[in-house]
Every structure is written in C-alpha cells, then in structure tokens.
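So the chains spell out like this:
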Amino acid sequence: MAVLMRILSIAGFFAIALFITTAAAIRGQQPEYGQCGYYPDAHHGKKTASGEIYDKNQLTAAHKSHPFGTLLRVTRLDNKKSIEVRVNDRGPFVGGYVVDISRKAAEAIGLTRDGVAKVKVEVIGTAGAAGSKAIKAAEVSASSTSASVASAGEAASKLVIPGRSSPSAAPRTLAPATYSTSSIVKPQTSAAPTLRQSVSEVYQIEIKTVPSKSFGLQLSVLSSTENLFREIKKVQGIWPQKVIIGHEKTGNTTTYKILVGPFSSRKEAEAQQKVAKQKGYPKTFIVEFM
C-alpha cells in the first residue's frame, strides 16, 4: 500500500508539472497583429468547423491555427477595447486578417459600426472541460476544416455574376462591377413538412462602366472567389455604393482587384487613401481609369 501511494504521489506531481508547463507555454505565445472582421448574421445557426452551431450571441471566434477551445483576447489598437473569445471555427482566409469574431464580441469592441479594425490577438488559455468536451472529437479530424473551407468556396461559386455563362466556366474580362448592400432572402415554405431550407446570403449586382478620366483606390487583390463576397461586404460597410471589382485573367490565373471609387480627381482619391489607412488598409494605391 505504501508503494502504491508513493507511485500515485509521483504520478500526481508529474501531472501538475505538465499542466503548469502547458499553461505557461500557452501564455508565452507571441501576440498576433492584423485585421479583424465579424460574422454576418446570415451565418447564425450554421455549423462551424468544430461542429458547433454558430450563435451570434456567444463570444466565439474563428482562427486559422489555434486549437478549438483556445481562449483569445482580441484588442482593438485604435480604441483599446478588448474582448475574450473562444475559438470554435477556422478562418479568416483573407490576406491580412488574423481573426473573425461573433456579432456579440464585435458589438463589445465597437466593430459593428466600423466593419473591420486592426487588432492584437493574445492567447490567454483554454476553455474548461465543459466548454471544450463537445469539440474535442472534431479537433482530431483535419477534414472538418477543409470541409468548412470547401463549403464556403462552393457557396461563393453559386453566386452568378452577370456576363458569366456559369460559375464553373472560364471567366471573361468584364467592366468593373459595383455592388449594392447585401440582402437576406427568406426561404419559402416547402410543401413537404420534412424538408428544411436554409437562409442564404445573396447580393444584388449592377454592372456599370466606370467613367474615364476618373480615379480609384485599390485596396486588395484576391486569387479566387472564395472570400470575394465576404470582403466586398466589409468594404461596402465603409464606402457604401463605392465598391469596384476589377476582373483580370492571365493564362490560367484569375485575379479580382477590390477598389473603391470612382473619384473625380486624384486629390479626392488621396483623401480616401488616408481614410483607408485608418480603417486597416495601409497598403493602397491610386489608379486612373482611362
């Protein structure tokens, strides 16, 4: 019995030491800096990469690499407001973005007004057993993340841009398109009571020719449509009715340039360049539409 108690004591000591070491390692991770966005309301009730259902009224977040259940402190660099969130989804997959947060978390730091802001992200720990038990199994499977990304890409590909024969066809060069504010389409009642239709987010698109001898401000470049509409929505929140999309195809590579404009003079574009820097777009440049 004495030997058994001694073994249990040694085992307990190593368990405590391992816990302390792990906790210290988590706290010792370097903070990240980058852009932060938040989920549109259309995602409410949908499944996240962890298997949980997204609830806009919970303090949760999406991160590209931190394990599900990781607790993060997200601090805006401009107003110093911060909020603690739990990782239960993967993303964001837009260049320069480090985290996406729920609507409730966004409201806490004033992000719903600005749409996007530069933040500092710090790891502060992990969720307790009650908060992470349901997502442990999903974390083991890497396929859940890829499935989530694939479904996002599939949803974006189903949004047909006027002038393209189909989402899978090779895109043709188009005049820049301006995008109006998105709307939520309510599902129609199905005749079969066992069928359920989900709410989808769609966008009204108007193709217009950009006036010659005008100016635009290029914000970012995307190599696919996977996050194109999500980024458009964020920019639309800052510059209503001013979003312009440049569509270029070189060989087998297609790129989408996100710009704002048109502006009648370079001086006006330069003024908006200062606004863009404050809103989290530090590397922009002015283009002239010929």
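Along every chain, residues carry numbers that run from 1 in the direction the sequence is written. Given that this is a predicted model, residues contribute local features only at a pLDDT of at least 70 and side-chain atom pairs are listed and counted only at 80 or more, while totals for whole chains, interfaces and linings are drawn from all residues. With hydrogens and water stripped out, all remaining heavy atoms of the structure feed into the side-chain values.

Focus on the overall build of the protein chain
Next, step 1: Secondary structure assignment for the protein chain yields eight helices and 14 strands.
Next, step 2: Only protein chains enter the calculation, and the probe is 1.4 Å; a residue is then buried if its accessible area is under 20% of its type maximum, exposed if over 50%, and partly exposed in between. Expressed as a percentage of its 290 residues, the buried residues of the protein chain come to 38%.
Next, step 3: Relative to all contacts within the protein chain whose residues are 6 or more apart in sequence, the contacts with residues 24 or more apart total 72%.
Next, step 4: Counting every atom, the protein chain has about 16,500 Å² of accessible surface; 57% of that belongs to carbon and sulfur. Helix and strand definitions follow DSSP, with helices as H or I runs of at least four residues and strands as E runs of at least two, each counted in order from the N terminus. Residues count as neighbours in contact if any of their non-hydrogen atoms are within 4.5 Å of one another. Only the protein chains shown count as cover for residues, and all accessible areas are computed by the Shrake-Rupley method using a 1.4 Å probe.

Brief notes about helix α8 (residues 266-278)
Next, step 1: Helix span, as expected, comes to 1.5 Å for every residue beyond the first. Taking 1.5 Å of rise per residue, 13 residues should cover 18 Å, and α8 covers 19 Å from first to last C-alpha, within 8% of that figure.
Next, step 2: In the stretch just after α8, Gly280 is the one whose phi turns positive, near 100°.

Describing the environment of Ile244
Next, step 1: Looking at where Ile244 falls in the secondary structure, it is placed in strand β12 (residues 243-250).
Next, step 2: Classification of Ile244 by relative accessible area gives buried; the value is 1%.
Next, step 3: Residues Ile244 and Val210, 34 residues apart in the sequence, show an inter-C-alpha distance of 8.6 Å.

Observations regarding the nonpolar core
Next, step 1: Working definition of a nonpolar core: buried Ala, Val, Leu, Ile, Met, Phe, Trp, Tyr and Cys residues. They are joined through side-chain atoms within 4.5 Å. In this structure, Leu219, Leu228, Val235, Trp239, Ile245, Val260 and Tyr281 are the most contacted members of the largest nonpolar core, which totals 24 residues.
Next, step 2: For this core, the secondary structure elements donating two or more residues are β11 (214-222), α7 (228-238), β12, β13 (253-263) and α8.
Next, step 3: No other element matches the five residues that α7 contributes to this core.
Next, step 4: Core analysis: the next-biggest nonpolar cluster, separate from the first, contains 21 residues, Tyr38, Ala49, Val87 and Val121 among them.

A look at the pattern of salt bridges
Next, step 1: Salt bridges are counted wherever a side-chain nitrogen of Lys or Arg sits within 4 Å of a carboxyl oxygen of Asp or Glu. Under the definition given, this model contains 13 salt bridges.
Next, step 2: Between Lys234 and Asp100 there is a salt bridge, and its shortest N-O distance comes to 3.6 Å. Here Lys234 is found in helix α7, whereas its partner Asp100 is found in strand β5 (residues 97-101), with 134 residues between them in sequence.
Next, step 3: Exposure remark for Lys234: the relative accessible area of 8% places this residue in the buried category.
Next, step 4: One salt bridge connects Lys279 with Asp114, and the closest N-O pair in it is separated by 3.5 Å. One end of the pair, Lys279, is in the loop between α8 and β14 (285-289); the other, Asp114, is in helix α3 (residues 111-114), with 165 residues separating them in the sequence.
Next, step 5: Given a relative accessible area of 9%, Asp114 falls into the buried group.

Looking at the side chain of Asp114
Next, step 1: Nitrogen and oxygen atoms within 3.5 Å of one another constitute a polar contact, given that in protein one can donate a hydrogen and the other can accept it, and given that sequence-neighbouring residues count only through two side-chain atoms. A polar contact is formed between the side chain of Asp114 and the side chain of Arg113, at a distance of 3.2 Å.
Next, step 2: Not counting residues within four places of it along the chain, the set of residues in contact with Asp114 comprises Arg76, Ile238 and Lys279.

Remarks on the sheet that holds strand β4 (residues 82-89)
Next, step 1: Any two strands with at least two DSSP-identified bridges between them are counted as paired. With mixed pairing, the six strands of this closed barrel are ordered in space as β1-β5-β2-β4-β3-β6. This sheet shows a mean twist of 45° between the axes of neighbouring strands, independent of strand direction.
Next, step 2: Strand direction decides the pairing type here: strand β3 (residues 70-76) and β4, joined by five bridges, are antiparallel. When the sheet's bridge partners are listed, Val74 is paired in β4 with Ile83. For helices, the fitted axis covers only the stretch in contact; all axes are lines through C-alpha atoms, and the angles between them, taken along N-to-C directions, range from 0 to 180 degrees.

Topic: the environment of His247
Next, step 1: Note that His247 resides in strand β12.
Next, step 2: In the structure, His247 is positioned eleven residues away from Ile258 in sequence and 9.1 Å away in space, judged by C-alpha atoms.

Overview of the environment of Gly246
Next, step 1: Its location among the elements puts Gly246 in strand β12.
Next, step 2: Once the C-alpha coordinates of Gly246 and Val221 are considered, the two residues, 25 residues apart in sequence, prove to be 9.1 Å apart.
Next, step 3: For Gly246, the residues in contact, after removing those within four places along its chain, are Thr255, Tyr256, Lys257 and Leu259.

Remarks on the pairing of β5
Next, step 1: Among the five residues that make up β5, five are buried, leaving the element largely enclosed by the rest of the structure.
Next, step 2: Across four bridges, the pairing between strand β1 (residues 32-38) and β5 is parallel. The residue bridging Gly37 from the neighbouring strand is Asp100, located in β5.
Next, step 3: As judged from the two bridges shared by strand β2 (residues 60-62) and β5, these two strands associate in the antiparallel manner. By the bridge assignment for β5, Ala62 is matched with Asp100.

Looking at the confidence of the model for the protein chain
Next, step 1: On a scale of 0 to 100, pLDDT captures the predictor's confidence in every residue. Confidence in the prediction for the protein chain averages 73 pLDDT; 64% of positions are at 70 or higher.
Next, step 2: A low-confidence stretch, residues 177-200 stays under pLDDT 50, and its non-local contacts, those more than four residues away or across chains, total 43 contacts.

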